[in-house]
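In case you want the letters, here they are:
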Amino acid sequence: MSETKVKKMLFILSKATLENVYAAFVMANGARMEGIESEIFFTFFGLEAIQKKKLEHLHVATVGNPAMHMPTMLGGLPGVEALASKMMKKEMEKLDMPPVGEFLEILSDSGCKLWACKLAVDMFHLEKEDLIDELDGVLTIGDFYNRADQEGTHLLFI
Amino acid sequence: MDKTIGQATISVDQEGYLTDFSQWDKEIGTEIAKEQGIEMTDKHWEIIDYIQDRFKAEEPLSIRGIKKSGVIDIKQFYALFPGGPLKKATMIAGIPKPKSCI
């Protein structure tokens, strides 16, 4: 089996819409499954995905998302976003995609490091208790860059 | 593509996965594991059994399935098959590489 040239993937997750969160999670998990190191840095709204009270209530964006194939005004009506999110979660369950909380456990157990951005944590006035137990720590962006410490490291902003 | 392992000749694909599960036996599994730098233990075989059972039942394999299997947890799975556990375990088990992204 040929050795992969990508050695480490560092993801920066800045959004909390389901499609972005899952993109980061699937790619971070996929990296581990291929023997590639992976870490996720949760910043700004991405922090919602690691807040105990919020992580199971993430939504897909129905407004300003042309791929939803629904008029933007309709997407903004009460309940539409919730319904679309429910439908998407159902489809994902069919593909055996774990819910956000379980996915975070899998990532952590797989050796994917999970970091919260210090600046964003301070900005949203979050405490350690608000964040998931699997979190590896709170880092400054400088700390995070220092983790790109080997050749073959790639950074991806989501 | 043919490959000789010990006394046996097996057919494998380009990545080294067996293309015919009926050619598999434990010795072949042990040799493939060695090539992957893995020394097989009873715990390893327990997982290989589980994986082969899923394959025979035509159930797709995923890391989530491993978590629910009750045979092993994910941390142990990564520790026993370092560097891509499902990829390596399926190769040793003589079954195709999983197609799933999860």
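Just so it is clear, the structure is predicted and the values come from calculations on it, not from any experiment.

Draft legend 1. The pattern of salt bridges, seen in detail. This structure, assessed with the given rule, holds 18 salt bridges over all chains. A salt bridge links Glu34 of chain A to Lys87 of chain B, with the nearest nitrogen and oxygen atoms 3.0 Å apart. In this pair, Glu34 of chain A sits in the loop between helix H1 (18-33) and strand E2 (37-42) while Lys87 of chain B sits in helix H5 (residues 85-93), so the two residues belong to two different chains. Taking relative accessible area as the criterion, Glu34 of chain A reaches 35% and is therefore assigned partly exposed. The class for Lys87 of chain B is buried, based on a relative accessible area of 10%. In this structure, the salt-bridge partner of Arg64 of chain B is Glu93 of chain A, at a minimum N-O distance of 3.4 Å. In this pair, Arg64 of chain B is assigned in helix H3 (residues 63-68) and Glu93 of chain A in helix H3 (residues 80-94), connecting two distinct chains. Arg64 of chain B gets classed as buried once you look at its relative accessible area, which sits at 4%. Sharing partners across several salt bridges, the network here consists of Lys8, Glu37, Glu39, Arg147 and Asp149 of chain A.

Draft legend 2. Region of interest: the packing of aromatic side chains. Residues and elements named next belong to chain A. For the structure shown, the criterion picks out nine aromatic pairs over all chains. Taken together, a centroid distance of 5.5 Å and an interplanar angle of 70 degrees make the contact between Phe25 and Phe103 edge-to-face. Here Phe103 lies in helix H4 (residues 100-109) and Phe25 lies in helix H1, a separation of 78 residues in the sequence. Pair check on accessibility: Phe25 and Phe103 agree, each one buried.

Cut-offs and rules
- Residues numbered from 1 in each chain as written.
- Chains lettered and ligands numbered in written order.
- Predicted model: local features only at pLDDT ≥ 70, side-chain atom pairs only at ≥ 80, totals over all residues.
- Heavy atoms only, no water.
- Salt bridge = Lys/Arg side-chain N within 4 Å of Asp/Glu carboxyl O.
- Helix = DSSP H or I, 4+ residues; strand = E, 2+ residues; numbered from the N terminus.
- Buried < 20%, exposed > 50% of the residue type's maximum accessible area, 1.4 Å probe, protein only.
- Phe/Tyr/Trp six-rings, centres within 6.5 Å; stacked < 30°, edge-to-face > 60°.

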